[in-house]
Amino acid sequence: MLSIPPVKVGVVGTGNISGIYLERGQTFEILEMAAVADLVRERAETQAELYNIPRVATTAEIMADPSIEMVLNLTTPGAHAEVAFQALEAGKSVYNEKPLAIRQEDGKKMLALAKEKGLLVGGAPDTFLGGGLQTCRKLIDDGWIGTPVAATAFMLCHGHESWHPDPEFYYQVGGGPMFDMGPYYLTALVALMGPARRVTGSTRRTFPTRTITSEPHYGTEIQVEVPTHVAGVLDFENGAVATVITSFDVWSHQLPTIEIYGTTGSLSVPDPNTFGGPVKVRRAGMDSWAEVPLTHGYAQNSRSLGLADMAYALRTGRPARAGGELCYHVLEIMHAIHTASDQGRHIDLESTCAQPAPLPMDLLPGTVR
């Protein structure tokens, strides 16, 4: 039974991703999903009724409510910084959907303002806290593959215009494959191996326009403003070198999601946009890959796990695992890969972060500590 009071959360933005947050958020004893807001009030009303949220409010009303201590910011990427600043100025900690912000300067100001006011900033993705990646973390920490030497990470598809109901923002500034999907892969690598120290990369924009083939905007032509194929190389502080490719220009491929190669073996890491497995390892001398049973819980879709972890951090004073420094470090890496391509050079990163602490193996459902 929870020995500390739950944290009341106000949710701003009730778009495509909000359903799983609202559903799973209510399974954590540390969270009380108190209110929802959206620019389209009818959308907020629908989600409130569907997920039994007690109150539909405006963003201003959430910010003004002294009982709400944390804002879950599920707005579109272009509004992440604006809403986060509103929350912090109102004295509330804030957890952003990915990315933390579009502009690095906004992310840096966010962390500074939170520190000044004694508040917390955190953000998605929290998939690295799922059973799959936590099992990978334990295998690495326990020396199953020796010292990490290198890693690969691949996310390749042909974009979202064939299935997403409102795909235009994926091709605007703040979108593209690196800013959309890169946070899952980069956060996983940092969670498993620690922070990076420098990056380089190459990018291209293959198609100047895209045509939506999903409803309700079937046939609408999208102007593509951002690179849609991004290849990066990361040097980590621990000496490992990672190759990362994200693309909206590939029809099909047979590449893995993430693999980590150590001095005594290799680790196959599950899709970092999921919480489960499979996790596979092949150590030196083995004839084939072996699947490893998951050592941790939260193997099902558990979005809000990072939010719950941050709420617990707010109550206890320990660092949040999906905290602002991690989110900002990933944001800087993404920008640096694009900048490195534009300028034709390596870029030394200014930021760093602590490797997030692993989750305990004995957590009961709905708990985190």
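> Outline the environment of Pro125, supporting the account with residue identities and numerical values.
With respect to the helices and strands, Pro125 occurs in the loop between strand E5 (121-123) and helix H6 (131-141). Each C-alpha atom of the pair Pro125 and Asp65 lies 27 Å from the other, and the pair is 60 residues apart in sequence. For Pro125, the contacting residues outside a window of four places in its chain are Lys98, Pro183, Tyr184 and Thr187.

> Lay out the nonpolar core with the relevant residues and their values.
Ranked by internal contacts, the top residues of the largest apolar core, which has 112 residues, are Leu234, Ile260 and Leu267. Per element, the largest residue contribution to this core is 12 residues, and it comes from helix H7 (residues 176-193). Leu267 has contacts with Cys136, Leu139, Ile140, Ile145, Ile258, Glu259, Ile260, Val279, Lys280, Val281 and Trp289, leaving out every residue within four places of it along the chain.

> Hey, could you go over H7 for me, with residue numbers and the actual values?
When the terminal C-alpha atoms of H7 are compared, their 25 Å separation across 18 residues agrees well with the 26 Å that a helix rising 1.5 Å per residue should span. Of all the bends in H7, the greatest reaches close to 60° and is centred on Gly182; the proline Pro183 follows between one and four positions later. Burial within H7 is extensive, with 18 of its 18 residues counted as buried. Trailing H7 by a residue or two, Gly194 shows a phi angle of about 90°, which is positive.

> How would you sum up the sheet that holds E5? Please name residues and give values.
Spatially, E2-E1-E3-E4-E5 is the arrangement adopted by the five strands of the open sheet, whose pairing is parallel. The open sheet has two edge strands with one neighbour each: strand E2 (31-37) and E5. Each strand axis lies, on average, 25° off the axis of its neighbour in the sheet, ignoring direction. When strand E3 (residues 70-73) meets strand E4 (residues 93-96), the two strands line up parallel, connected through four bridges. Bridging from a neighbouring strand, Met70 pairs with Ser93 of E4.

> If you had to explain helix H8 (residues 305-316) to someone new, which residues and values would you point to?
Look at H8: 16 Å from first C-alpha to last across 12 residues, which is about the 16 Å you get at 1.5 Å a residue. Within the sequence span of H8, burial applies to Leu305, Gly306, Leu307, Ala308, Asp309, Met310, Ala311 and Ala313. Here the buried face of H8 lies against strand E1 (7-12), E2, E3, E4 and E5. Positive backbone phi, approximately 90°, marks Gly317, located one or two places after H8.

> I'd like a description of the packing of H6 against H7, backed by residues and values.
Between H6 and H7, the least distance of the axes is 9 Å, while the angle of their chain directions is 35°. Seen from above, H6 lies across H7 with right-handed handedness. Along the contact surface, H6 presents Leu133, Cys136, Arg137 and Ile140, while H7 presents Ala188, Ala191 and Leu192. Grouping the amino acids of the contact of H6 with H7 by side-chain chemistry returns six nonpolar, no polar and one charged.

About the cut-offs
- Residues numbered from 1 in each chain as written.
- Predicted model: local features only at pLDDT ≥ 70, side-chain atom pairs only at ≥ 80, totals over all residues.
- Heavy atoms only, no water.
- Helix = DSSP H or I, 4+ residues; strand = E, 2+ residues; numbered from the N terminus.
- Contact = heavy atoms within 4.5 Å.
- Core = buried A, V, L, I, M, F, W, Y, C linked by side-chain atoms within 4.5 Å.
- Buried < 20%, exposed > 50% of the residue type's maximum accessible area, 1.4 Å probe, protein only.
- Expected span 1.5 Å × (residues − 1).
- Bend = angle between axes of the 7 residues up to and from the residue.
- Pairing = 2+ DSSP bridges.
- Axes fitted to C-alpha atoms, helices over the stretch in contact; angles between N-to-C directions.
- Left-handed = near helix turned anticlockwise from the far one by under 90°.
- Nonpolar A, V, L, I, M, F, W, Y, C, P; charged D, E, K, R; others polar.

Keep in mind that these numbers describe shape and distance, not what the molecule does.
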